[in-house]
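# Structural features, examined
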Amino acid sequence: MPTIAFITGITGQDGSYLAEFLLGQGYEVHGLIRWCSTSPTQRLDHLLQDAGGGRLTLHCGDLADAARLGALLAEVQPDEVYHLGAQSHVRVSFDLPAYTGDITGLGTVRLLEAVRRSGVRCRFYQASSSEMFGSAPAPQNEATPFWPRSPYAAAKLYSYWMVRNYREAHGLFVCNGIMYNHESPRRGETFVTRKISRGVAKILKGEATQLVLGNLEARRDWGYAPEYVEGMWRLLQQGEPQDLVFGTGETHSVRDFVEEAFGYANLDWRQFVRVDPSYFRPTEVEHLRADSTQARRFLGWEATVTFPQLVRLMVDADLRAADLEAPGEGLRALGNRVRWLRNPLS
Ligand code: NAP
Ligand code: G4F
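Residues numbered from 1 in each chain as written. Chains lettered and ligands numbered in written order. Predicted model: local features only at pLDDT ≥ 70, side-chain atom pairs only at ≥ 80, totals over all residues. Heavy atoms only, no water.

## Re the site of ligand 2
Heads up, the rule is: Any residue with a heavy atom positioned within 4 Å of a molecule or strand is treated as near that molecule or strand. N or O atoms closer than or at 3.5 Å make up a polar contact, with two conditions inside protein: a donor-capable atom paired with an acceptor-capable one, and, for residues adjacent in sequence, both atoms drawn from side chains. Computed with a 1.4 Å probe, the accessible areas rest on the Shrake-Rupley method; for each residue, only the protein chains presented here act as cover. When residues are sorted by character, Ala, Val, Leu, Ile, Met, Phe, Trp, Tyr, Cys and Pro go into the nonpolar class, Asp, Glu, Lys and Arg into the charged class, and all the rest, Gly among them, into the polar class. Where each domain starts and ends follows an automatic or database-derived domain assignment.
Ser129, Ser130, Tyr152, Arg281 and Glu284 are the nearest of the 24 residues found near ligand 2. Here an oxygen atom of ligand 2 and a side-chain polar atom of Arg220 are 2.8 Å apart. A distance of 2.6 Å is found between an oxygen atom of ligand 2 and a side-chain nitrogen or oxygen belonging to Glu284. Coverage of ligand 2 by the protein chains reaches 95% of its 720 Å² of free accessible surface. Its residues assigned to classes, the shell around ligand 2 comprises ten nonpolar, eight polar and six charged. Shared between two domains, the shell around ligand 2 holds at least three residues of each, these being domain 1 (4-182 + 223-246) and domain 2 (187-220 + 250-287 + 305-334).

Structure representation (structure tokens):
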């Protein structure tokens, strides 16, 4: 019998990579999708075409709907639950604080309750975030006190503590993966890295003359998303549940990302990038850098894709998507490090 996984947020960046990874491991994969009048499965279409040999099933539902989550848990009877669904955009959370609290915070409790009440014996992964560290000095690790700086971070922190409470109070096998920023060609278009890589392609294609950004000084620990979904899986294969930090250990500013991306395309970024304060956040997270010593120690997990390789891979992908010639250095540098990935540029 194959191992059965249930993934919330399967249509997102991480959910699509995780589904691909688990199907490659021989899993039967079930995913929660929101009903939508347009197709939400763009990132999954390559998997749905051959349906992983009939091992990929999508179920309509919503993290706001506790009854549906309970029914699905009982029906699917998963061995592993990966809870990735969330309103995941930090800037948007300032405009939608209550909605973000409901979906990103309470949504986790609805799912935990569905697990507990169904009596299904499964392992549970919670997509916690480095945003929870907020203003805590870098580098941050599992012992660093949290200091959330947005409604999103506060909602994730609530989920983090509820996961710990369900472990301690009810004995569930539940784990927090505290992940730093991870990016890819499948990254949502309004997150800064993808906005930049698409911006380069649009400028080269003649579809835009400038790229408008917010705070260029914020520093992030950016890694490559497919490596992080392997980390999620490894965390659930442990003998005991625990909470671990996942990141590269390197930090770069948004300005660094801009310079690298435009430089790779032989463009002088100063001619094209404009800063608009309307993109600034009411409270910013200035500096994130992971200390992932424990993930290395317990899981043997390490990020291997470097910052320039990540930037180049994303620019390559957006150039190709715009029918432009791509230098391909990002792809070449990646080699076959992520062997299960079918097409790193899509
Ligand atoms: P993403 O691309 O924004 O995907 C979010 C997923 O959640 C999408 O599938 C979305 O569905 C789904 N979702 C949103 N609202 C929902 C609702 N009400 N009911 C059911 N599903 C809902 O995010 P990601 O980058 O893959 O990140 C995955 C998870 O890791 C998120 O929880 C994020 O907060 C967390 N995280 C991400 C990073 C990172 O750097 N990527 C780092 C740390 C933590 P639709 O497609 O229908 O919108
Ligand atoms: O790409 P961002 O929107 O990602 P952010 O806020 O770090 O959040 C992402 O990573 C978290 C993990 O640490 C996840 F939990 C979360 O779900 C999400 O995936 O912004 C990165 C930085 C910020 O400092 C922002 O102020 O880039 C700065 N920035 C500058 N100009 C911009 C822009 N961000 C966006 N989205 N758009 C801009 O034009």
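Anyway, onward from the coordinates.
## So, unusual backbone geometry
Apart from glycine, the bulk of residues carry a negative phi angle, and the bulk of peptide bonds sit in the trans form. Selection rule: Strands are runs of DSSP state E lasting at least two residues, helices are runs of H or I lasting at least four, and both sets are numbered from the N terminus onward. Throughout, exposure labels follow a simple rule: accessible area from a 1.4 Å probe, protein chains only, divided by the maximum for the residue type, with under 20% read as buried, over 50% as exposed, and the rest as partly exposed.
Pro139 follows Ala138 through a cis peptide bond whose omega is -5°. Position of Pro139 among the secondary structure elements: in the loop between β5 (123-129) and α6 (151-170). Positioned with a positive phi, Asn266 is a non-glycine residue whose angle comes to about 60°. Exposure remark for Asn266: the relative accessible area of 74% places this residue in the exposed category. A positive phi angle is found at Asp323, which is not glycine, with a value near 60°. As for its position among the elements, Asp323 is in the loop between α11 (307-321) and α12 (329-334).

## Brief notes about the site of ligand 1
With respect to spatial proximity, 24 residues lie near ligand 1, and among them Thr11, Arg34, Leu84, Ser88 and Tyr152 are the closest. Relative to its free-state accessible area of 900 Å², ligand 1 is covered by the protein chains to the extent of 88%. Broken down by secondary-structure element, the contributors of at least two residues to the shell around ligand 1 are α1 (13-24), α5 (97-118), β5 and α6. Considering every element that reaches the shell around ligand 1, the biggest residue donor is β5, with three residues. Broken down by class, the residue content of the shell around ligand 1 amounts to nine nonpolar, ten polar and five charged.

## Quick look at the layout of surface pockets
The test is simple: Only protein atoms enter the 1 Å grid, on which a cavity is a set of points fitting a 1.4 Å probe that cannot get out and a pocket is an open set with protein on both sides within 12 Å along at least 5 of 7 lines, lining residues being those with an atom within 4 Å of a point. Grid points are joined across faces, edges and corners, and a volume is the space filled by probe spheres set on the points.
A volume near 200 Å³ is recorded for the second largest pocket. Forming the boundary of the second largest pocket are Val115, Arg116, Gly119, Val120, Arg121, Cys122, His170, Gly171, Leu172 and Phe173. Its residues assigned to classes, the lining of the second largest pocket shows five nonpolar, three polar and two charged.

## Some remarks on the pattern of salt bridges
For the record, the criterion: Only one rule defines a salt bridge in this text: a Lys or Arg side-chain nitrogen within 4 Å of an Asp or Glu carboxyl oxygen.
For the structure shown, the criterion picks out 16 salt bridges. In this structure, Glu131 engages Arg220 in a salt bridge whose closest nitrogen and oxygen atoms are separated by 3.6 Å. Of this pair, Glu131 sits in the loop between β5 and α6 while Arg220 is found in strand β9 (residues 219-220), placing the two residues 89 residues apart along the sequence. On the accessibility criterion, Arg220 (7% relative accessible area) is buried. By sharing partners, the salt bridges in this structure join Glu113, Arg116 and Arg117 into a single network.

## Structural notes on the domain arrangement of the protein chain
Operational definition: By definition, residues are in contact when any of their heavy atoms lie within 4.5 Å. Throughout, buried area stands for the accessible area (probe radius 1.4 Å) lost by two parts on being put together, summed over both.
Here the protein chain is described as being made up of domain 1 (4-182 + 223-246) and domain 2 (187-220 + 250-287 + 305-334). For domain 1 and domain 2, the distance between their C-alpha centroids amounts to 27 Å. Contacts between the two partners involve 18 residues from domain 1 and, on the opposite side, 18 residues from domain 2. Where domain 1 abuts domain 2, roughly 1600 Å² becomes buried across the two surfaces, and 52% of that area is made up of carbon and sulfur atoms. Applying the counting criterion to the domain 1 and domain 2 interface returns one salt bridge. Viewed at the interface, domain 2 and domain 1 are joined by six residue pairs in polar contact (both at pLDDT 80 or more). Contributions of two or more residues to the side of domain 1 that touches domain 2 are made by α4 (90-95) and β10 (223-224).

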